[in-house]
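# Notes for the structure review
Here is what each chain is made of, one letter per residue.
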4 protein chains.
Amino acid sequence: MRLMPPSSADEPAAVLLSVREEQRLMTRRRIVQAARRVFEDRGYGQASIGDITKAAKVNRATFYLHFANKAAVFNEVYAEVRQHQTGRYWAMLDEGLTAGTEAALRGVLDRALAWWEEQAALLPAIHEAMASDLEVAARWKDQLDELAGELRGYLGQFPEEERDARRLRVQLMVMQLDQLCFRTIVQKVFVIERDVLLDLVCDLWLDSLQLRRGSDPS
Amino acid sequence: MRLMPPSSADEPAAVLLSVREEQRLMTRRRIVQAARRVFEDRGYGQASIGDITKAAKVNRATFYLHFANKAAVFNEVYAEVRQHQTGRYWAMLDEGLTAGTEAALRGVLDRALAWWEEQAALLPAIHEAMASDLEVAARWKDQLDELAGELRGYLGQFPEEERDARRLRVQLMVMQLDQLCFRTIVQKVFVIERDVLLDLVCDLWLDSLQLRRGSDPS
Amino acid sequence: MRLMPPSSADEPAAVLLSVREEQRLMTRRRIVQAARRVFEDRGYGQASIGDITKAAKVNRATFYLHFANKAAVFNEVYAEVRQHQTGRYWAMLDEGLTAGTEAALRGVLDRALAWWEEQAALLPAIHEAMASDLEVAARWKDQLDELAGELRGYLGQFPEEERDARRLRVQLMVMQLDQLCFRTIVQKVFVIERDVLLDLVCDLWLDSLQLRRGSDPS
Amino acid sequence: MRLMPPSSADEPAAVLLSVREEQRLMTRRRIVQAARRVFEDRGYGQASIGDITKAAKVNRATFYLHFANKAAVFNEVYAEVRQHQTGRYWAMLDEGLTAGTEAALRGVLDRALAWWEEQAALLPAIHEAMASDLEVAARWKDQLDELAGELRGYLGQFPEEERDARRLRVQLMVMQLDQLCFRTIVQKVFVIERDVLLDLVCDLWLDSLQLRRGSDPS
DNA sequence: CATGAATGAGGTTTCATTCAT
DNA sequence: AATGAATGAAACCTCATTCAT
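Rules used throughout
Residues numbered from 1 in each chain as written. Chains lettered and ligands numbered in written order. Predicted model: local features only at pLDDT ≥ 70, side-chain atom pairs only at ≥ 80, totals over all residues. Heavy atoms only, no water. Axes fitted to C-alpha atoms, helices over the stretch in contact; angles between N-to-C directions. Helix = DSSP H or I, 4+ residues; strand = E, 2+ residues; numbered from the N terminus. Parallel < 35°, antiparallel > 145°, perpendicular 65-115°, else oblique. Left-handed = near helix turned anticlockwise from the far one by under 90°. Contact = heavy atoms within 4.5 Å. Nonpolar A, V, L, I, M, F, W, Y, C, P; charged D, E, K, R; others polar. Near = heavy atom within 4 Å. Polar contact = N/O pair within 3.5 Å; in protein donor to acceptor, adjacent residues only side chain to side chain. Buried area = accessible area lost by both parts, 1.4 Å probe. Salt bridge = Lys/Arg side-chain N within 4 Å of Asp/Glu carboxyl O. UniProt positions renumbered as here; feature names shortened; annotations may be inferred. Least-squares fit on C-alpha atoms with pLDDT ≥ 70 in both. Phe/Tyr/Trp six-rings, centres within 6.5 Å; stacked < 30°, edge-to-face > 60°. Buried < 20%, exposed > 50% of the residue type's maximum accessible area, 1.4 Å probe, protein only. Domains from an automatic or database assignment.

As recorded in an unreviewed UniProt entry, chain A goes by TetR/AcrR family transcriptional regulator and comes from Amycolatopsis eburnea.

### Observations concerning the packing of helix α10 (residues 194-208) of chain A against helix α10 (residues 194-208) of chain B
Two measures define how a pair of helices packs: the angle their axes make with one another and the distance between the axes. Orientation of α10(A) relative to α10(B), taken along the N-to-C sense of each, is 120°, at an axis distance of 8 Å. By the angle between their directions, the pair α10(A) and α10(B) is classed as oblique. Handedness of the crossing formed by α10(A) with α10(B): right-handed. Contacts between α10(A) and α10(B) involve Leu204(A), Asp207(A) and Ser208(A) from the former and Leu204(B), Asp207(B) and Ser208(B) from the latter. Classifying every residue of the contact of α10(A) with α10(B) by side-chain character gives two nonpolar, two polar and two charged.

### Remarks on the protein's contact with DNA strand E
For DNA strand E, the set of nearby residues contains 34 residues, the closest of which are Thr27(A), Tyr64(C), Thr27(D), Asn59(D) and Thr62(D). Considering DNA strand E, the proportion of its atoms within 4 Å of the protein that are sugar or phosphate atoms stands at 58%. Between DNA strand E and Ser48(B), the relevant distance is 3.3 Å, taken from a phosphate oxygen to a side-chain nitrogen or oxygen of the residue. Between a phosphate oxygen of DNA strand E and a side-chain N or O atom of Thr27(D), the distance comes to 2.2 Å. When contributions to the surface near DNA strand E are tallied by element, the ones reaching two or more residues are α1 (19-42) and α3 (60-66) of chain A, α3 (60-66) of chain B, α2 (49-56) and α3 (60-66) of chain C together with α1 (19-42) and α3 (60-66) of chain D. With five residues, the top contributor of residues to the surface near DNA strand E is α3(A). For the surface near DNA strand E, the class distribution of residues is 13 nonpolar, 13 polar and eight charged.

### As for the interface of chain B and chain A
Contacts between the two partners involve 33 residues from chain B, matched on the other side by 32 residues from chain A. For the pair chain B and chain A, the two sides together bury roughly 3200 Å², of which 71% comes from carbon and sulfur. Contact with chain A buries area across many residues of chain B, yet Arg169(B), Leu172(B) and Phe190(B) alone supply 17% of it, more than any other trio. On the surface where chain B and chain A come into contact, there are two salt bridges. Between Asp207(A) and Arg169(B) there is a salt bridge; the shortest N-O distance is 2.6 Å. Across the chain B-chain A interface, the total number found is nine residue pairs in polar contact (both at pLDDT 80 or more). For the side of chain B that touches chain A, the element with the highest residue contribution is helix α9 (residues 163-186) of chain B, accounting for 11 residues.

### Considerations on the UniProt feature "domain: HTH tetR-type" (unreviewed entry) in chain A
As annotated in UniProt, the feature "domain: HTH tetR-type" (unreviewed entry) corresponds to residues 25-85 of chain A in the numbering used here. Between the C-alpha atoms that bound residues 25-85 of chain A there is a distance of 23 Å. The span itself is 80% helix and 0% strand.

### Digging into the interface of chain D and chain C
Counting residues at the interface gives 33 residues for chain D, matched by 32 residues for chain C. When chain D packs against chain C, the two sides together hide about 3200 Å² of surface, and 71% of this comes from carbon and sulfur. Inspection of the chain D/chain C interface yields two salt bridges. For the interface between chain D and chain C, the tally reads nine residue pairs in polar contact (both at pLDDT 80 or more). Within the residue set of the side of chain D that touches chain C, elements represented by two or more residues are α6 (123-132), α7 (134-150), α9 (163-186) and α10 (194-208) of chain D. The element that contributes the greatest number of residues to the side of chain D that touches chain C is α9(D), accounting for 11 residues.

### Things to note about the protein's contact with DNA strand F
Around DNA strand F lies a shell of 35 residues, among which Tyr64(A), Thr27(B), Asn59(B), Thr27(C) and Thr62(C) are the nearest. One nitrogen or oxygen atom from the side chain of Asn59(B) is found 2.8 Å from a base nitrogen belonging to DNA strand F. The separation between a phosphate oxygen of DNA strand F and a polar side-chain atom of Thr62(C) is 2.6 Å. Broken down by secondary-structure element, the contributors of at least two residues to the surface near DNA strand F are α2 (49-56) and α3 of chain A, α1 (19-42) and α3 of chain B, α1 (19-42) and α3 of chain C together with α3 of chain D. In terms of residues, the surface near DNA strand F owes the most to one element, α3(C), which gives five residues.

### Some thoughts on the UniProt feature "DNA-binding region" (unreviewed entry) in chain A
Per the UniProt entry, the sites bearing "DNA-binding region" (unreviewed entry) are residues 48-67 of chain A in this numbering. Across residues 48-67 of chain A, helical content stands at 75% and strand content at 0%; the span's end C-alpha atoms are separated by 14 Å.

### Comments concerning the relation of the copies chain D and chain C
When chain D is brought onto chain C, the operation consists of a screw motion whose angular component is 179° and whose axial shift is 0.1 Å, with 0.3 Å RMSD remaining. Both chain copies can therefore be described as sitting about a two-fold axis. A share of 97% of the interface residues of chain D reappears at the interface of chain C, consistent with the copies meeting face to face through the same patch.

### Observations regarding the side chain of Gln171(A)
Structurally, Gln171(A) is set in helix α9 (residues 160-186). Among the polar contacts listed, one links the side chain of Gln171(A) to the side chain of Asp145(A), at a separation of 3.3 Å. When near neighbours in sequence (up to four residues on either side) are disregarded, Gln171(A) contacts Leu144(A), Asp145(A), Leu147(A), Ala148(A) and Phe190(B).

### A closer look at the packing of aromatic side chains
Residues and elements named next belong to chain D. For the structure shown, the criterion picks out 32 aromatic pairs over all chains. Taking the centre distance of 5.0 Å and the plane angle of 70° together, the rings of Tyr44 and Phe74 count as edge-to-face. Taken together, the residues span a long stretch of sequence, with Tyr44 in the loop between α1 and α2 (49-56) and Phe74 in helix α4 (residues 70-99) at a distance of 30 residues. Taken individually, Tyr44 and Phe74 each receive the classification buried, so the pair is uniform in this respect.

### Points about the pattern of salt bridges
Pairing between side chains becomes possible if they bear opposite charge and their charged atoms approach one another. Residues and elements named next belong to chain A. Inspection of every chain in the model, using the stated rule, returns 49 salt bridges over all chains. A salt bridge links Glu40 to Arg36; the shortest N-O distance between them is 2.9 Å. Placement of both Glu40 and Arg36 in helix α1 is noted, with a separation of four residues, approximately one turn of the helix. Residue classification places Arg36 among the partly exposed residues on the basis of a relative accessible area of 25%. Each of Asp110, Glu117 and Arg194 takes part in salt bridges that share partners, so that together they form one network.

### Considerations on the domain arrangement of chain A
All names here are of chain A. Taken domain by domain, chain A comprises domain 1 (10-67) and domain 2 (69-218). With centres defined by C-alpha atoms, the gap from domain 1 to domain 2 works out at 29 Å. Contact with domain 1, which involves 15 residues of that partner, is made by 18 residues of domain 2. Per-residue buried area on domain 1 facing domain 2 is highest for Arg36, Phe39 and Tyr44; these three make up 46% of the total on that side. The interface formed by domain 1 and domain 2 contains two salt bridges. Between Glu76 and Arg28 there is a salt bridge whose closest N-O contact spans 2.8 Å. At the boundary of domain 1 and domain 2, one finds eight residue pairs in polar contact (both at pLDDT 80 or more). Here the side of domain 1 that touches domain 2 takes eight residues from α1, the largest share from any one element. Within the side of domain 1 that touches domain 2, the residues separate by chemical class into nine nonpolar, two polar and four charged.

Structural data, given as structure tokens:
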């Protein structure tokens, strides 16, 4: 599609992009950022492309130069969120589970809740998109699978034949946490204080994953 | 106003309705049933009122005579699903948990999966509506709370002060099951065989709810 | 249309009407009165039959039992207004013109303004109907012609051959007064104080109808 | 933004418009002209936007690109009519009144009648709109006020303190003429031959405005 | 590359009107 | 005589999308 990129683009960090290319990326960026704001304000279904282009101060037709449709921008917005999360989050979870102590687990879960609190604005849109758009749901599953890949420390503790079941369990617990956070933090349809919530979840994980309780003794 | 109904009308329960009333209810019923079909086919967001009235072979204006908008019919469709579920399902769950044996629990969860399999067609719409419509989400929460009310047998086993936490745990496990079923049975984004799924969930519940494992009697 | 009115109806005042007939008239009356209120509130075009039946607390279908359409009720409402006006108003005008003095004329015009002020609420609807409905416009012309019939005193002063032109002139002046009142009193698009308005019109009539000015001497 | 227009664009009056602009104006023009035809055929209230776009062979959405609603196009149509009238008409009236002779006045009024005859088709819509839409009524008042501004010749004949009253009188006579023309020429609810009408009006104006009758010289 | 203009396809809603009761 | 239910037509409006510039 690009005809004359004078040299290799997208390798390291600060390659020289042609002026055009740079403008193009900037516009794309503007659209993505505007889209995020719009999705936060209006959710997924209610957000129209008109809303997005208006927010980005870009012509509606320009949008179609960069994205095929609403789902496409949404995926880009969502990808950013996931990128931000994935690296740290999962690795941390592995550490916490490997340590296996209540304190470690609590730390991890506390961070998870914090992440939810930060992202609260965008999450209704994400849930909506996930419920209505199979493609988005598939991405979410990918993420759960990435998680599986990161659990090397934790899974290493178990004999080969148990690992699949263990991995699945953790995935289920994460899924449950997701739901819970969504209903309590985002939708507020479930009303529990943060501390109580944290205690509850922590206890539940300890039992469900059969981790040693409380005092990690000698 | 009614001149001639020679004897008591409208007392007990399944009384003679006036002809008018009956026709009216039939039309309403047709709309609700058609709506269900449409929601099953197209999900919530993509379903238009035109689709529904076309399916019900009823004039568009007639729809508005019975319902204020799409959300209103949806609520009626959803209410039917819940009614169908609630009575049996929760009571059964209470029994299973009270028995506390793996076999009993497995039986219950098997029934739950069966329910999900039956309802699979409508569930995408339900999830969509729940994600985008706070009111529908609130109904879902109500249902979880009804559940709590039915757990008399199970909760009775615990001392007063533990009950709240226990109740919450069960609710969380149900929530998790919901999610899991949705992703595996409905969206099929998670691929697990039914047996494996059942084993997994059963084990997880036993641990999470700290029920006695396997053979109880002997 | 009436099958069994036991005796002549509509002659004097208190003929015995059959019960049905009486109910019928009452309903009709309710509709007309409600219609008037609605026309006053919303004008002619914006008033819907639904508005009227809602205001009359009568079923929409009932409306069609009494009137063919909106124009039909409007005509009945309008007829009442005209009835109320015609008798006094025109006779008075004849007297004023016959007297021919400024004082007399001023009295008449003052009453005319008062009438406009009273009717202000309904007039926008009347004007609207008159502009869009030829039939209503025809009624208005009828009224102007009735006026002509009442001017016996005034026209009697002139020789036979002049009378037509004189009559026409008066009609034109009334028409002008109508317009003026509508713009000033009802639409308030023309802003003049009442006194100034009265002076102006009075002077204009004196000139236009060539009446003797001011002091009616000897 | 325009890079290459080598020399001055858009200065004087009938400049080169960009191709885009020109196309846009053409479309707008088509809509306005079609609207006029539709208003002539169906009046104001009965004319729908669908009628207009069908007549213009333009998509309904295109309409909304150019106008906010029916009232907006109507105002543009009406503005054209007024533009066409204003310049000549009022100036002519001033001349006629300044001359003050019956012949001159008759000439003016004859032209006025001719204007009404030309515009007859659109006038029902105009009256309708004026009756139901206060904004349109306000424009009509503006026009009467413009008239006032043009009467320099005529008003100059009177002492300062009389001018206001004189101006108002002329305005009233114009208003009356409007009404009369509407009822006779457009609605034909008043039936008078053109000559008789002209005589009548002419005489009436002479008296009302106290102009010298008939023979001017001597 | 970006844009203004135009389109077509729907969607929701409101009305006037007619039947069967 | 009065009504509740149903209808069909149409109105208005909004969106996603595509051209020509």
